[in-house]
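This is what each chain is made of:
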Amino acid sequence: MKKNIIPLLIAFFALGVVNAQEFNVGTNVVNVGIGLGGDYGDFLTSSISPGISASYERGIWDIGGPGVISLGGYLGIKNYRYETVGVNSKWTYTTVGFRGAYHFNGLEVENLDLYGGAMIAYNIANFSGDSVVFKVRSRIAPTLFVGGRWYFNDTFGVFAEAGYGVAFLTVGGSIRF
């Protein structure tokens, strides 16, 4: 039992002395990622492209305590194709959104940015092909998301985000400026 507690105490105190906040008021970040999963299409879909997305956010408010609120935008695209004898159909979903996030700086772990937020988006559906059997419609899509970024230096990092834009899970690169 002592063997397990000592490393935990060392880690706890080491986290307490690090004083880096990875997201502040005025921080700008651009994410570009590839998404996995999603609820467009159905079990009859012949092929699905990965979701491709980009987002931007800027630190706007220091809310006192361990956090900063950011505001920004989101753009994503995903394609589905259904092919069978005599039928060739394609759906393209483009998601455009406005998002806000809370960046938790309370852990004070150098190079780590943990965040969660909400987005209001509009999913634009486009259809081309031979069949109109499947219902295709554009719609407003509110969503919640959580994510984290790990920076290799002051500018470049990687991120993972769960929630919903054009995918349930998105991973990719981040540029901070």
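Calculation rules
Residues numbered from 1 in each chain as written. Predicted model: local features only at pLDDT ≥ 70, side-chain atom pairs only at ≥ 80, totals over all residues. Heavy atoms only, no water. Core = buried A, V, L, I, M, F, W, Y, C linked by side-chain atoms within 4.5 Å. Buried < 20%, exposed > 50% of the residue type's maximum accessible area, 1.4 Å probe, protein only. Helix = DSSP H or I, 4+ residues; strand = E, 2+ residues; numbered from the N terminus. Contact = heavy atoms within 4.5 Å. Polar contact = N/O pair within 3.5 Å; in protein donor to acceptor, adjacent residues only side chain to side chain. Salt bridge = Lys/Arg side-chain N within 4 Å of Asp/Glu carboxyl O. pLDDT = per-residue confidence, 0-100. Pairing = 2+ DSSP bridges.

Asks: What is the right way to look at the nonpolar core in this model?
Replies: When a protein is soluble and globular, its nonpolar side chains tend to lie buried together. Core analysis: the largest hydrophobic core is formed by 8 residues, namely Tyr74, Ala101, Tyr115, Met119, Ala121, Phe145, Phe159 and Val166. Among the elements that make up this core, the one with the highest residue count is strand β6 (residues 112–129) (3 residues). Counting 5 residues, the second-largest nonpolar core is a separate cluster that includes Tyr82, Trp91, Tyr93 and Ala125.

Asks: Just checking my understanding: could you explain the environment of Ser174 for this structure?
Replies: The residue Ser174 is located in strand β9 (residues 169–176) in this model. Exposure remark for Ser174: the relative accessible area of 2% places this residue in the buried category. In this structure, the C-alpha to C-alpha distance between Ser174 and Arg149, residues 25 residues apart in sequence, is 7.6 Å. Discounting chain neighbours no more than four positions away, the residues touching Ser174 are Val29, Val30, Asn31, Arg149, Tyr151, Thr155, Phe156, Gly157, Val158 and Phe159. Polar contacts involving the side chain of Ser174 include one to the side chain of Asn31, which spans 2.5 Å.

Asks: Explain the pattern of salt bridges here, please?
Replies: Throughout the structure, instances matching the rule amount to 5 salt bridges. In this structure, Glu161 and Arg99 form a salt bridge, with 3.0 Å as the shortest nitrogen-oxygen distance. Placement of Glu161 in strand β8 (residues 156–163) and of Arg99 in strand β5 (residues 87–104) is noted, with a sequence separation of 62 residues between them. Judged by its relative accessible area of 11%, Glu161 is buried.

Asks: Before we go on, may I ask you to explain the confidence of the model for the protein in this structure?
Replies: Regions with low pLDDT carry predicted coordinates that are not meant to be interpreted in detail. Taken residue by residue, the protein gives an average pLDDT of 83. The fraction at 70 or more is 80%. Confidence, read as mean pLDDT per element, is least for helix α1 (residues 2–17) in the protein (44) and greatest for β9 (97). With pLDDT under 50 throughout, residues 8–20 is counted as low confidence; its partners more than four residues away or in other chains account for 11 contacts.

Asks: What is the right way to read the pairing of strand β4 (residues 67–84) from this model?
Replies: Two faces, one strand: in a regular strand the side chains alternate between the faces of the sheet. The sheet contact formed by strand β3 (residues 51–62) and β4 spans 10 bridges and is antiparallel. When the bridges of β4 are listed, Arg58 appears paired with Leu71. Hairpin connection of β4 to β5: 2 residues between the antiparallel strands, including Gly86 at a positive phi of 80°.

Asks: Can you walk me through the pairing of β6 in this structure?
Replies: Inspection of the sheet shows β5 paired to β6 by 16 bridges, in the antiparallel sense. Among the inter-strand pairings, Ser89 is bridged to a residue of β6, identified as Gly129. Inspection of the sheet shows β6 paired to strand β7 (residues 139–151) by 12 bridges, in the antiparallel sense. Each bridged residue has a counterpart across the sheet, and for Asn123 the counterpart in β7 is Arg139.

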